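Here are the chains, one letter per residue:
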Amino acid sequence: MALITPELKEQMTKVGILHLATASKAGVPNVAPMGAVMITDDAVLIANNYMKKTLANIKENPQVSVLVWNREIGNCFQLKGTAEIVSGTADHKKMKEMLDAKKPGAYPCKELVVITVKEIFNCMPGANAGNKIA
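Because the structure is a prediction, the values reported are computed rather than measured.

## Comments concerning the nonpolar core
Ranked by internal contacts, the top residues of the largest apolar core, which has 26 residues, are Val-44, Ile-46, Val-68, Leu-79 and Ile-115. At the level of secondary structure, the elements contributing two or more residues to this core comprise helix H1 (6–15), strand E1 (18–23), strand E2 (29–34), strand E4 (43–48), helix H2 (53–60), strand E5 (63–70), strand E6 (75–86) and strand E7 (111–122). In terms of residues, this core owes the most to one element, E7, which gives 4 residues. Not counting the four nearest positions on each side in its chain, Val-68 is found in contact with Met-12, Val-15, Leu-18, Ile-73, Asn-75, Cys-76, Phe-77 and Leu-79. In this structure, Ala-43, Ala-47, Cys-109 and Val-114 belong to the second largest nonpolar core, which totals 11 residues.

## Quick look at the sheet that holds E7
Judged by pairing direction, the sheet is antiparallel, and its 7 strands sit side by side in the order E2-E1-E5-E6-E7-E4-E3 without closing on themselves. A strand with exactly one partner marks an edge of an open sheet, and here the two such strands are E2 and strand E3 (37–39). Averaged over all pairs of adjacent strands, the angle between strand axes in this sheet comes to 30°, irrespective of strand direction. Here 3 bridges tie E3 to E4, and the two strands are oriented antiparallel to one another. Within E4, the residue paired with Met-38 across the bridge is Leu-45.

## Examining the packing of aromatic side chains
Under the criterion given, the structure shown has 0 aromatic pairs. Positioned above the aromatic ring of Phe-121, the side-chain terminus of Lys-80 is 5.5 Å from the ring centre.

## A closer look at helix H3 (residues 90–102)
Taking 1.5 Å per residue, 13 residues should reach 18 Å; H3 reaches 18 Å between its end C-alpha atoms and fits that length. Every buried residue of H3 is listed here: His-92, Met-95 and Leu-99. Relative to the axis of H3, the buried residues are bounded by an arc of 60° and lie together on one face. In H3, the exposed positions angled more than 90 degrees off the buried face are occupied by Ala-90, Lys-93, Lys-94 and Ala-101. On its buried face, H3 sits against E3, E4 and E7.

## Some details on the state of the cysteines
Within this structure, the stated rule accounts for 1 disulfide. At a sulfur-sulfur separation of 2.4 Å, the disulfide partner of Cys-76 is Cys-123. Across the disulfide from Cys-76 to Cys-123, rotation about the S-S bond amounts to roughly -85°, and the bridge is consequently left-handed. Of the two residues, Cys-76 sits in strand E6 while Cys-123 sits in the segment after E7, which places them 47 residues apart along the sequence. Looking at Cys-123, the relative accessible area reads 29%, which means it is partly exposed.

## Description of unusual backbone geometry
Phi angles above zero are rare outside glycine, and Cys-109 is one such case at about 40°. Along the chain, Cys-109 falls in the loop between H3 and E7. For Cys-109, a relative accessible area of 0% corresponds to the buried category.

## A short note on the side chain of Asn-30
Structurally, the position occupied by Asn-30 is in strand E2. Residue class for Asn-30 comes out buried when judged on its relative accessible area of 13%. A distance of 3.0 Å separates polar atoms of two side chains, one belonging to Asn-30 and the other to Thr-54. The residues touching Asn-30, leaving out its near neighbours within four places in the chain, are Leu-20, Ala-21, Thr-22, Lys-53, Thr-54 and Asn-57.

Rules behind the numbers
Residues numbered from 1 in each chain as written. Predicted model: local features only at pLDDT ≥ 70, side-chain atom pairs only at ≥ 80, totals over all residues. Heavy atoms only, no water. Core = buried A, V, L, I, M, F, W, Y, C linked by side-chain atoms within 4.5 Å. Buried < 20%, exposed > 50% of the residue type's maximum accessible area, 1.4 Å probe, protein only. Helix = DSSP H or I, 4+ residues; strand = E, 2+ residues; numbered from the N terminus. Contact = heavy atoms within 4.5 Å. Pairing = 2+ DSSP bridges. Axes fitted to C-alpha atoms, helices over the stretch in contact; angles between N-to-C directions. Phe/Tyr/Trp six-rings, centres within 6.5 Å; stacked < 30°, edge-to-face > 60°. Lys NZ or Arg CZ within 6 Å of the ring centre and 35° of its normal. Expected span 1.5 Å × (residues − 1). Arc of directions from axis to C-beta. Disulfide = S-S within 2.5 Å. Polar contact = N/O pair within 3.5 Å; in protein donor to acceptor, adjacent residues only side chain to side chain.

Encoded structure:
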């Protein structure tokens, strides 16, 4: 069963910018906005265009979190999972093509960060804040 439902995919697409949180092996946090994103049923794929701290953290500690929120979607949720850095895959090629079609030559898409989603949590205010969705 897919963790990322069609409804959540639609909301993630509407948001446009997702916030990726990472931490180094020593626990030093980093959060960065990510706009070059593809979403599958159980993964979030993000282009490494200009990552430095984010990429270094993932290499040291693959546990990550993605925050999905803006006022327009009327929802807020957090995805937790593990990140892997890949290149040369069909998805990497697809992302490169997507970015090149958007703005030719602007985004290098050096690698692809593939986040395998393990859990999804509600982060809307109220009685269900922090509850596990999937």
